[in-house]
Amino acid sequence: LMKVQKGDREYVLGPTHEEIITEIATAYIKSYKDMPKTLYQIQTKFRDEARPRFGVIRSREFIMKDAYSFDADTASLDKSYDIMFEAYKKIFDRCGLDYVIVQADPGPMGGNFSHEFMVLVDFGEDKVALCKACGYAASTEVAACKRPGNGGSKDKEGKLEYFDTPGLKSIEELTSKLTIDATVFVKTILYETEHGIVACLVRGDHEICDAKLARQLKVSKLQLAGEETIKKVTGAEVGFSGPIGFKSKVMIIADHTVASMQNFITGANKTDQHVKNVNPGRDLTIDQVADVRVITANDVCPECGKPIMLQTALEIGHVFKLGTKYTHAFGSSYLDQNGKQQDIIMGCYGIGVNRIVASCIEQSYDEEKGMVWPRAVAPFAVSIVTANQNSEDVVAAADKLYATLCDAGIDVLYDDRNDRMGVKLNDAELIGVPIHVIIGDKGLQSGTIEVRDRRSGDKIFVAVGEVAKKIVELVG
């Protein structure tokens, strides 16, 4: 929540509205006959973003469309979810966006099933894992990493050896100084959870996926341990943590890759020291082995085993099956057909309106002239540019065409400035209007008006009497 002080009064701006909408639904839904029900809103949202950036992509104020479905059972929720899912596809298709639908982590929203609608753009904040071979698509927070094989015969276990690494805390520093590949190292990251301290082990070149780790541990609180906690648990300064010799009880969870490693190097739980030839089983006991890392471009598709591709993406829509997380907490129930109280089942759906605009711009422009708006979201469908505003014939033809198109319900930008045609046409192209109509004396003398497609650059010359009909056809 974001707190705002206005005079002597304090206000709270909600970043999302599951709680409020659940209370509203509770007041009106009493029976299974009252469902299915979907409530929606399009309004300004406020979030206390720590690092606002990328223009309208990550801001503290933005426009969002929310919807919440309320159903009596999971089968009905599935139907509501599918209806909204298909509606979102139609919206993004009409907006002319190139997008992918990926399996996603519900995160703090709750529930156990969700999809994200992602546009593939260079400035995106997320990465998605895509497989061209089978069509698999998932966010990196849920994309599964295939478990490594046994690897055949095992190497002889080496003797534990502690060695000095003064000031070398990061994998980058260690690999650079020792000229040893990162795949030989294991990182030990300590977390605080509601169930105690957890040490998560991943290979040196891998990163922990907090979402996967939280799901595996079934915890709601998962945060990196602070400096004092690390010192207390390991007896060493930050940067030298390892899985051997903790000073207090710590649960150890290791990624599949670590569990299959031998003779690896890790922190020694001693300041300025590491230890090599560490082997699971002999030197440490792993409490859980699971997929807890972020997928990489070196991994393979979890579905078909073919190469995986990571792409930068931007989320424009998200759909969740929330289940009873909020309704159970708020006591939101209904009477079923047998007269028994049951929890209402919820779904949640959101579209970032600002992000649609940003995505359209990023995916629809050319290097020379700028923006090309998709027709469904263009501020104007047609621009009329006069070559000579001092010509009575030109002005009369432009005025008539403008009135005809407006009567047909088409949004038209009529540039009647007394300026050079090149200047006006350049402005129309920069604005990104999809269709340009150029009216000049020369064309009128031959009985035609020029119509240009902004995206393709194609030009056609249409008879004056047919131009309105042709434009209505092009606008669709």
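Residues numbered from 1 in each chain as written. Predicted model: local features only at pLDDT ≥ 70, side-chain atom pairs only at ≥ 80, totals over all residues. Heavy atoms only, no water.

### Topic: unusual backbone geometry
Residues other than glycine predominantly adopt negative phi, and peptide bonds predominantly adopt the trans conformation.
Item 1. Looking along the chain, the bond that leaves Met35 and enters Pro36 is cis, with omega of 5°.
Item 2. Backbone geometry at Lys218 places phi at a positive 55°, although glycine is not the residue there.
Item 3. Positionally, Lys218 belongs in the loop between helix H4 (210-217) and strand E12 (222-224).
Item 4. A positive phi angle, near 50°, is found at Asn263, a position not held by glycine.
Item 5. In this fold, Asn263 is placed in the loop between helix H6 (256-259) and strand E14 (264-267).
Item 6. We classify Asn263 as buried; its relative accessible area is 18%. (Helix = DSSP H or I, 4+ residues; strand = E, 2+ residues; numbered from the N terminus. Buried < 20%, exposed > 50% of the residue type's maximum accessible area, 1.4 Å probe, protein only.)

### Considering the packing of aromatic side chains
Item 1. Enumeration over the complete set of coordinates arrives at nine aromatic pairs.
Item 2. The interplanar angle of 25° and the centroid separation of 6.4 Å between the aromatic rings of Tyr81 and Phe85 together place this pair among those described as stacked. Taken together, the positions of Tyr81 and Phe85, both in helix H2 (residues 74-94) and four residues apart, correspond to about one turn of that helix. By the burial criterion, Tyr81 is buried, and Phe85 matches it.
Item 3. With a centroid separation of 6.2 Å and an interplanar angle of 55°, the aromatic rings of Tyr81 and Tyr349 are classed as tilted. (Phe/Tyr/Trp six-rings, centres within 6.5 Å; stacked < 30°, edge-to-face > 60°.)

### Some words on the pattern of salt bridges
Item 1. Tallied over the full model, the rule gives 17 salt bridges.
Item 2. Its salt-bridge partner being Lys276, residue Glu161 comes within 3.7 Å of it at the nearest N-O pair. Note that Glu161 is positioned in strand E9 (residues 161-164) and Lys276 in strand E15 (residues 273-278), a separation of 115 residues in sequence.
Item 3. Residue class for Lys276 comes out partly exposed when judged on its relative accessible area of 32%.
Item 4. Lys212 serves as the salt-bridge partner of Asp291, at 3.0 Å between the closest nitrogen and oxygen. Of this pair, Asp291 sits in the loop between strand E16 (288-290) and strand E17 (309-323) while Lys212 sits in helix H4, and the two are 79 residues apart along the sequence.
Item 5. By relative accessible area, Asp291 is classed as buried at 19%.
Item 6. On the basis of relative accessible area, Lys212 is assigned to the buried category, the value being 5%. (Salt bridge = Lys/Arg side-chain N within 4 Å of Asp/Glu carboxyl O.)

### With respect to the sheet that holds E15
Item 1. Read across the sheet, three strands follow the order E9-E15-E14 without closing on themselves; strand pairing throughout is antiparallel. The open sheet has two edge strands, E9 and E14, and neither has a second partner. Adjacent strand axes in the sheet meet at a mean angle of 30° when their direction is disregarded.
Item 2. Here E9 runs beside E15; their pairing, made up of four bridges, is antiparallel. Residue pairing across strands places Phe163 opposite His274, the latter belonging to E15. (Pairing = 2+ DSSP bridges. Axes fitted to C-alpha atoms, helices over the stretch in contact; angles between N-to-C directions.)

### Concerning the layout of surface pockets
Item 1. Reported here for the second largest pocket is a volume of approximately 550 Å³.
Item 2. Lining the second largest pocket are 27 residues, and of these Lys169, Lys187, Thr188, Ile189 and Gly239 lie nearest its centre.
Item 3. Secondary structure elements with two or more residues in the lining of the second largest pocket: helix H3 (171-178), strand E10 (186-193) and E14.
Item 4. Per-element accounting of the lining of the second largest pocket gives the leading share, six residues, to E10.
Item 5. Each residue belonging to the lining of the second largest pocket can be placed in one class, and the counts come to 15 nonpolar, eight polar and four charged. (1 Å grid on protein atoms, 1.4 Å probe; cavity = no way out; pocket = protein on both sides within 12 Å on 5 of 7 lines; lining within 4 Å. Points joined across faces, edges and corners; volume = space filled by probe spheres on them. Nonpolar A, V, L, I, M, F, W, Y, C, P; charged D, E, K, R; others polar.)

### Looking at the nonpolar core
Soluble globular proteins tend to bury their nonpolar side chains together.
Item 1. If you look at the biggest cluster of nonpolar residues, it comprises 25 residues, and the most contacted ones within it are Tyr88, Phe92, Leu97, Phe117 and Tyr349.
Item 2. Elements represented by at least two residues in this core include exactly H2, strand E6 (113-120), E17, strand E20 (345-352) and helix H8 (353-363).
Item 3. Sort the elements by how many residues they give to this core and H2 lands first, with six residues.
Item 4. One finds Ala199, Ile230, Val258 and Met261 within the second-largest nonpolar core, a separate group that totals 21 residues. (Core = buried A, V, L, I, M, F, W, Y, C linked by side-chain atoms within 4.5 Å.)

### With respect to the packing of helix H9 (residues 392-407) against helix H12 (residues 467-475)
Item 1. Look at H9 against H12: their axes get within 10 Å of each other, and the N-to-C directions meet at 40°. Here H12 runs oblique to H9, going by the angle between their axes. Note that H9 runs across H12; the crossing there is right-handed. In contact with Leu401, Thr404 and Leu405 of H9, H12 contributes Val467, Ala468, Ile471 and Val472.
Item 2. A breakdown of the residues in the contact of H9 with H12 according to their chemical character gives six nonpolar, one polar and no charged. (Parallel < 35°, antiparallel > 145°, perpendicular 65-115°, else oblique. Left-handed = near helix turned anticlockwise from the far one by under 90°. Contact = heavy atoms within 4.5 Å.)

### Quick notes on the pairing of E15
Item 1. The element E15 is extensively covered by neighbouring structure, given that five of its six residues are classed as buried.
Item 2. The antiparallel pairing of E14 with E15 creates a hairpin that spans five residues between the two strands, and Asn269 there sits at a positive phi of about 55°.

### Section: the side chain of Lys424
Item 1. Looking at the element boundaries, Lys424 is found in helix H10 (residues 421-431).
Item 2. In this structure the side chain of Lys424 is engaged in a polar contact, spanning 2.7 Å, whose partner is the side chain of Thr386. (Polar contact = N/O pair within 3.5 Å; in protein donor to acceptor, adjacent residues only side chain to side chain.)

### Some words on the sheet that holds strand E27 (residues 459-463)
Item 1. On the basis of which strands lie adjacent, the open sheet formed by five strands has the order E24-E23-E25-E26-E27 and mixed pairing. The open sheet has two free edges, formed respectively by strand E24 (412-415) and E27, since each of these has just one partner strand. Sheet twist, expressed as the mean angle between neighbouring strand axes with direction ignored, is 25°.
Item 2. With respect to the sheet, H10 is in contact with strand E23 (382-386), E24, strand E25 (435-439) and strand E26 (448-453), its orientation differing from that of E23 by roughly 170°.
Item 3. Lying over the sheet, H12 contacts E23, E25, E26 and E27, oriented at roughly 135° with respect to E27.

Note that every value here comes from positions in space, so none of it alone points to a role or purpose.
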